[in-house]
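# Topology and contacts: notes
Below are the chains, spelled out letter by letter.
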Amino acid sequence: MIRTTLQPLPQPYRAVLIEEDQSKILKLLDECWNEIKESIELPGFVKGQVPRSIAEKKLGEVNLYKPVIDLLVKEGLIQIPERFCSIENVAVTWQTEKTPLVLTVYGYLSPKIIKCDYKSLVSNYRRLMVSDEEINTNLLRVAYGEAEEIEIDPTVIKNYDINKLQVIIDFLMDDVEKQQIIASQKDFRVNLLKKDFGFEEALLEHKKDDIFQVNCSLPENFFNKELAGRKVSYQIKIVKIFTLKMPEINDDLARKVGYEDLATMRAFILTDLETEKRKANGMLFRDHLMSLLVAQTETTPIPDALLKKETEIMLIGAVRNANRMQKTNMTVEEFLAAAKITQEDWDNSHWTLARKKLIGNLALEYLAEQEKIIPTEEECRKLLKEILPENTDIVEEKIDSIGLKQFALLKRAQDFLVNLYEKPITE
C-alpha cells in the first residue's frame with residue numbers, strides 16, 4: 001500500500017507518496033504500455049511498433065506513464081485528512097531494486113475555516129418601504145396613459161416651449177441603414193431635450209409636414225461606440241407636433257381605467273408596490289447578511305486556481321442567462337466577443353466577487369456543520385424540481401448528486417442565518 005506524508009510548508013504544500021511494492025508498479029506500467037503502445041508514433045518507426053525502451057527514452061517515462069502516476073497520486077492523497085484543490089506539479093523518482101517509487105506532489109490545499117463568528121453579526125439593514133412619492137409616480141403614469149394629444153398649429157417648433165412638446169417623425173432615408181441605427185423607422189418619437197442622434201436641433205427650424213435633409217454627426221456618447229462621431233445624413237418628415245393635456249388624478253380617472261374610485265386605485269398600487277418591495281427586501285437582506293458573514297470569516301489561503309475556476313463558472317452562468325433572455329445559443333467565445341472583453345478581463349473584473357462567494361460558501365458549510373444541518377431527500381427533490389424545466393421526470397441519480405445536496409445544504413444554512421436575526425429595521 002502506498003504511504004503518504006503531508007509536509008507543512010507554506011502553500012503550495014508538498015505531499016510525499018512512497019510505494020515500495022515493486023511488483024505492483026511493474027504490473028501497472030505493463031498494463032499502461034499495453035493500452036497505449038498501438039497509438040505511439042515516432043519518426044523512423046511504424047505506428048504501433050515503437051520499442052518500449054525507445055518510447056520511454058524519447059517521450060519520457062513521466063509523459064508515457066501519466067495514467068499510472070495519476071492513479072497513484074489519487075490513491076495516495078486519499079490517505080491524508082487535507083484535500084488538494086489543485087495540483088501544480090508531480091515530481092517522480094522512479095523505482096529501482098534498491099529504492100521505492102517516490103511521488104512528490106506540489107499543490108494547493110482546499111481552504112478551511114479558521115474563524116467564523118456567524119452568531120455575532122451586527123445588522124443595520126433598513127427595510128425598503130413604499131413611499132407616497134412612489135405611489136404618486138405610478139398615479140402620474142396612469143394619467144399619462146390617458147392624456148389627450150393636442151396638436152400644435154403648423155408653425156416652426158422653436159416658437160413653442162419645447163419642454164411641453166412631443167414630436168413624431170418619419171425617416172424617409174438614411175445612409176447608415178446597413179448599421180441599423182434607425183433604418184427608415186416610421187412614427188419615431190423624438191425627445192427634443194436630448195441629442196441622442198445629432199439631428200434634434202435641426203428640427204426646431206421646421207413645422208409639421210416639412211420634408212428636409214439633415215447632415216450631422218452622431219454624438220460621441222452614441223449607444224454604438226463604433227459609430228460615435230461618424231458623419232451621417234437623414235431625410236426626415238415631421239409627422240406630428242403636439243402637447244399632452246393631462247387629466248386630473250381623481251375618481252373620474254380611476255373609473256376610466258377600471259377602478260371604483262381613486263382610493264381603490266391607490267390601494268391597488270400600494271399593494272403591488274409592497275409585493276415588489278417584500279421580494280426585493282428578502283433578496284437584499286440575504287445579500288446584506290452574507291456580506292457581514294464574509295467580513296466575520298477568516299480562512300486559510302484561497303488558491304488562485306480555485307478563484308479562476310469560480311470566475312469560469314460565473315462566466316458560464318452569464319452566458320446561459322444571456323441565451324435564455326435573448327433566445328440565442330451563444331458560446332462563451334461569442335459572448336466575450338459581443339461584450340468586447342477577453343477572458344482575462346472577465347476574470348479580473350469578477351475576481352473579488354468570486355473570492356467573496358467562495359468564503360461565503362465555506363462559512364455556510366461551517367455553519368451547517370456546527371448546527372448539524374443536513375438537507376433531506378425531499379428538500380433535494382423540491383430544489384431539483386425548481387431547477388428542471390416543467391414536466392421533466394425527476395431521476396433518482398440526480399437527487400443523489402453531490403452538487404445538488406451541496407446546493408441544498410447552502411440554502412438551508414442561509415435560511416438558518418436569516419432566521420437567526422431579527423427582522424431588518426423599518427424606516
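Residues numbered from 1 in each chain as written. Predicted model: local features only at pLDDT ≥ 70, side-chain atom pairs only at ≥ 80, totals over all residues. Heavy atoms only, no water.

### Observations concerning the packing of aromatic side chains
Each aromatic ring pair is specified by the distance between its two centres and by the angle formed by the two planes. A full pass over the atoms with the stated rule returns 11 aromatic pairs. Between Tyr118 and Tyr366, the ring centres sit 6.4 Å apart and the planes meet at 75°, which makes this aromatic pair edge-to-face. Residue Tyr118 is found in the loop between β5 (113-116) and β6 (126-127), and its partner Tyr366 is found in helix α11 (residues 343-370); the two are separated by 248 residues along the sequence. Note on Tyr366: relative accessible area 25%, which makes it partly exposed. Ring geometry for Tyr125 and Phe285: centres 5.6 Å apart, planes at 35°, overall tilted. With Tyr125 in the loop between β5 and β6 and Phe285 in helix α8 (residues 262-295), the pair connects residues that are 160 residues apart, well separated along the chain. As far as the burial class goes, Tyr125 and Phe285 line up, both buried. (Phe/Tyr/Trp six-rings, centres within 6.5 Å; stacked < 30°, edge-to-face > 60°. Helix = DSSP H or I, 4+ residues; strand = E, 2+ residues; numbered from the N terminus. Buried < 20%, exposed > 50% of the residue type's maximum accessible area, 1.4 Å probe, protein only.)

### Examining the layout of surface pockets
By rolling a water-sized probe across the atoms, one finds the places where empty space is left. Space inside the largest pocket adds up to approximately 1700 Å³. Every residue lining the largest pocket is counted, 47 residues in all, and those nearest its centre are Glu310, Lys357, Asn361, Gln406 and Leu410. Secondary structure elements with two or more residues in the lining of the largest pocket: β3 (84-93), α8, α9 (304-326), α11 and α14 (402-420). Broken down by element, the lining of the largest pocket gets its largest block of residues, 11 residues, from α11. In the lining of the largest pocket, the residues fall into 22 nonpolar, 10 polar and 15 charged. (1 Å grid on protein atoms, 1.4 Å probe; cavity = no way out; pocket = protein on both sides within 12 Å on 5 of 7 lines; lining within 4 Å. Points joined across faces, edges and corners; volume = space filled by probe spheres on them. Nonpolar A, V, L, I, M, F, W, Y, C, P; charged D, E, K, R; others polar.)

### Details of the packing of α9 against α11
Running from N to C, α9 and α11 point in directions that differ by 105°, and their axes come no closer than 8 Å. The orientation of α9 with respect to α11, classified from their angle, is roughly perpendicular. Two secondary-structure elements touch here, α9 through Asp304, Leu306, Leu307, Lys308, Glu310, Thr311, Glu312, Met314, Leu315 and Ala318 and α11 through Gln343, Trp346, Asp347, His350, Trp351, Leu353, Ala354, Arg355, Lys357 and Leu358. (Axes fitted to C-alpha atoms, helices over the stretch in contact; angles between N-to-C directions. Parallel < 35°, antiparallel > 145°, perpendicular 65-115°, else oblique. Contact = heavy atoms within 4.5 Å.)

### Observations concerning the state of the cysteines
Two cysteines, two sulfur atoms, one covalent bond between them: this is a disulfide. Applying the stated criterion across every chain, the model contains 0 disulfides. Residue Cys116 stays outside any disulfide, its sulfur separated by 19 Å from that of Cys85, the closest cysteine. (Disulfide = S-S within 2.5 Å.)

### Observations regarding the packing of helix α1 (residues 22-36) against helix α4 (residues 66-77)
Close contact between α1 and α4 brings their axes to 9 Å; oriented N to C, the two are set at 135°. Between α1 and α4, the angle is such that the two are oblique. Each of Lys24, Ile25, Leu28, Leu29 and Cys32 in α1 lies in contact with α4, whose residues at this interface are Pro67, Val68, Leu71, Leu72 and Glu75. Considered class by class, the residues forming the contact of α1 with α4 number 8 nonpolar, no polar and 2 charged.

### Quick word on the side chain of Asp210
Relative to the elements of secondary structure, Asp210 occurs in the loop between α6 (200-203) and β10 (211-217). Among the residues examined, Asp210 registers a relative accessible area of 17% and is labelled buried. In terms of polar contacts, Asp210 uses its side chain to reach the side chain of His206, at 3.3 Å. Beyond its immediate sequence surroundings of up to four residues, Asp210 is in contact with Ile236, Lys237 and Ile238. (Polar contact = N/O pair within 3.5 Å; in protein donor to acceptor, adjacent residues only side chain to side chain.)

### Brief notes about the sheet that holds strand β2 (residues 13-19)
Reading across from one edge, β1-β2-β4-β3 is the order of the 4 strands in this open sheet, with antiparallel pairing throughout. The open sheet is flanked by β1 (3-7) and β3, the only strands paired with a single partner. Looking at each pair of strands side by side, their axes are set apart by 20° on average, direction ignored. (Pairing = 2+ DSSP bridges.)

### Description of the pattern of salt bridges
This structure, assessed with the given rule, holds 21 salt bridges. Of the charged contacts in the structure, one is a salt bridge between Lys112 and Glu82, with a shortest N-O distance of 3.5 Å. Of this pair, Lys112 sits in the loop between β4 (101-109) and β5 while Glu82 sits in the loop between α4 and β3, placing them 30 residues apart in sequence. A salt bridge links Glu149 to Lys240; the shortest N-O distance between them is 2.4 Å. Of this pair, Glu149 sits in strand β7 (residues 148-151) while Lys240 sits in strand β11 (residues 231-245), placing them 91 residues apart in sequence. A single network of salt bridges, built from pairs that share partners, joins Glu19, Lys24 and Glu75. (Salt bridge = Lys/Arg side-chain N within 4 Å of Asp/Glu carboxyl O.)

Bear in mind that shape data such as this cannot, by itself, settle questions of function.
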